[in-house]
Amino acid sequence: MNTELIEALHQVVREKHIPEDVLFQAIEQAMVSAYKRNFGSAQNVRVVLDRETGSITVLSQRKIVEEVSDLKTEISLEEARVANPESQVGEFYDTEVTPRDFGRIAAQTAKQVVVQRIREAERGYVYEQYVERESDIVTGMVLRSEQRNVLLELENQIEGLLPGSEQAYGEVYSPGNRIKAYVIEVKRAPRGPQIVVSRTHPGLLRRLFELAVPELFDGTVELKAIAREAGQRSKIAVYSANPDVDPVGACVGPKGTRVQTVVNELGGEKIDIVRWSTDMAEFVANALSPAKALAVTIGDDGKSARVIVQSYQLSLAIGKEGQNARLAAKLTGCKIDIKSVDVGIPQEQLAVDPQEQV
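Residues numbered from 1 in each chain as written. Predicted model: local features only at pLDDT ≥ 70, side-chain atom pairs only at ≥ 80, totals over all residues. Heavy atoms only, no water.

Points about the nonpolar core
Where a protein is soluble and globular, its nonpolar side chains tend to be buried together. If you look at the biggest cluster of nonpolar residues, it comprises 24 residues, and the most contacted ones within it are Val284, Val307, Leu331, Ile336 and Ile338. Going through the elements one at a time, strand E10 (222-229), helix H10 (280-287), strand E14 (304-310), helix H11 (314-318), helix H12 (323-332) and strand E15 (335-341) are the ones with two or more residues in this core. (Core = buried A, V, L, I, M, F, W, Y, C linked by side-chain atoms within 4.5 Å. Buried < 20%, exposed > 50% of the residue type's maximum accessible area, 1.4 Å probe, protein only. Helix = DSSP H or I, 4+ residues; strand = E, 2+ residues; numbered from the N terminus.)

Okay, structure coming up:
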């Protein structure tokens, strides 16, 4: 029976990825409880489970003292030195007290405790595994929806929670679908670690581009800023210190394959890739792409910009329901006022002839 026990424990270690020491210590603690329940709780005991043979030894621990006041918990220094001449006051003296039928009783009594400890150890392993993956991408399969929340099956049959507030606009999460999500939080909960993921977080867009664009991953191209309205449209600003590298072209990829990979993963979300610049006026003009700015004036506070576009470009600059201008403002950190002019108006009048403001 002891050999079978050891084999079963090693199988649990392999399948559940629980450290061997953690599992054996949990079982030894459980058997201490089993002993005290069946053979008296007054003694201080410890249980040793041999990792190789599976043999179980129960040791009564008594403290070595000068004068004994409780025979069950104390032993005199003189008596202890009979067995071990180097014994000192304050140390513990072990005496084997293993009952003849303890193996059977321990197996029956400690079963539930051992199962619970294994579950706790497994939860701890899952927590440690995923807490290191915060701010990273995981792949999961949609299991089911509960009210507004969606449950995903992640690696090793671990469940992830996709709250309603983190679901992208217009996306449908059908059972069996595989999706990528961004881990925003891993927290301990009574029923085990709760892994909260997002499909709306800007970090998801960043990590998807890093996976699709080698130049981003190795640092040749930097992703400087992200503005996202998940499920609809996003803008990213990219830069490269290497004059021989086109950061926008690197992210778009040959025939648009790289950006299309990200678009497909995000369910068709439109993505504008613009060039970042230290010149705020130039950056604002780039951020309003695909609209073309005639002139950009940055306010004295550095946090506002006035943009002039041709009248036929006005609706493009503003975007549907103001989305393009809103995303450009988020991307640059500037409040943007967009004004239009008709072709032919002198340049000196561009700043004083407003038609539209966002």
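Side note on the sheet that holds strand E8 (residues 178-187)
What the 5 strands build is a closed barrel, ordered E5-E6-E7-E9-E8; its pairing is mixed. The mean inter-strand angle of the sheet, taken between neighbouring strand axes irrespective of direction, is 55°. Bridge count between strand E7 (residues 159-162) and strand E9 (residues 194-198): 2 bridges; the pairing is parallel. Looking at E9, one finds that Leu161 is bridged to Val196. Packing of helix H6 (residues 202-212) onto the sheet brings it into contact with strand E5 (137-146), E8 and E9, and relative to E8 it is tilted by some 125°. (Pairing = 2+ DSSP bridges. Axes fitted to C-alpha atoms, helices over the stretch in contact; angles between N-to-C directions. Contact = heavy atoms within 4.5 Å.)

Re the packing of aromatic side chains
Here the structure, examined in full by the defined rule, presents 5 aromatic pairs. Each ring, one from Tyr35 and one from Phe102, has its centre 5.9 Å from the other, and the planes form 65°; the classification is edge-to-face. Linking Tyr35 in helix H2 (residues 20-39) with Phe102 in helix H4 (residues 102-109), this pair joins segments that are 67 residues apart in sequence. By relative accessible area, which is 4% here, Tyr35 ends up buried. Geometrically, the ring pair formed by Trp276 and Phe283 is edge-to-face, given 6.5 Å between the ring centres and 65° between the ring planes. Every member of this aromatic cluster is reached through a ring pair, and the members are Tyr35, Phe39 and Phe102. The residue whose ring lies beneath Arg188 is Tyr127, and the NZ or CZ to ring-centre distance is 3.8 Å. Lying over the aromatic face of Trp276, Lys224 brings its terminal NZ or CZ to 4.7 Å of the ring centre. (Phe/Tyr/Trp six-rings, centres within 6.5 Å; stacked < 30°, edge-to-face > 60°. Lys NZ or Arg CZ within 6 Å of the ring centre and 35° of its normal.)

Let's talk about the pattern of salt bridges
Taken as a whole and judged by the stated rule, the model has 18 salt bridges. Glu128 is paired through a salt bridge with Arg188; the nearest N and O atoms lie 3.8 Å apart. With Glu128 in helix H5 (residues 111-131) and Arg188 in the loop between E8 and E9, this residue pair connects regions lying 60 residues apart in the sequence. What makes Glu128 partly exposed here is its relative accessible area of 42%. Between Arg233 and Asp272 there is a salt bridge, with its nearest N and O atoms 2.8 Å apart. Within this pair, whereas Arg233 is found in strand E11 (residues 233-239), its partner Asp272 is found in strand E12 (residues 270-275), the two being separated by 39 residues in sequence. Relative accessible area serves as the criterion here: at 16%, Arg233 is assigned to the buried category. Judged by its relative accessible area of 14%, Asp272 is buried. (Salt bridge = Lys/Arg side-chain N within 4 Å of Asp/Glu carboxyl O.)

Structural notes on the sheet that holds E12
An order of E10-E11-E12 is seen for the 3 strands of this open sheet, with the pairing classed as mixed. Two strands bound the open sheet, and with one partner strand each, they are E10 and E12. Across the sheet, the mean angle separating the axes of adjacent strands is 20° when strand polarity is ignored. As defined by bridge partners, E11 adjoins E12 across 6 bridges and the pair is classed as parallel. Its bridge partner being in E12, Arg233 is matched across the sheet by Lys270. Its contacts with the sheet place H12 against E10, E11 and E12, and it is angled at close to 140° to E10.

Brief notes about the packing of H10 against H12
Direction vectors running N to C along H10 and H12 enclose 145°, while the axes themselves pass 9 Å from each other. By crossing handedness, the relation of H10 to H12 is classed as right-handed. Contacts between H10 and H12 involve Met280, Phe283, Val284 and Ala287 from the first element and Ala328, Leu331 and Thr332 from the second. Split into classes, the residues belonging to the contact of H10 with H12 amount to 6 nonpolar, 1 polar and no charged. (Left-handed = near helix turned anticlockwise from the far one by under 90°. Nonpolar A, V, L, I, M, F, W, Y, C, P; charged D, E, K, R; others polar.)

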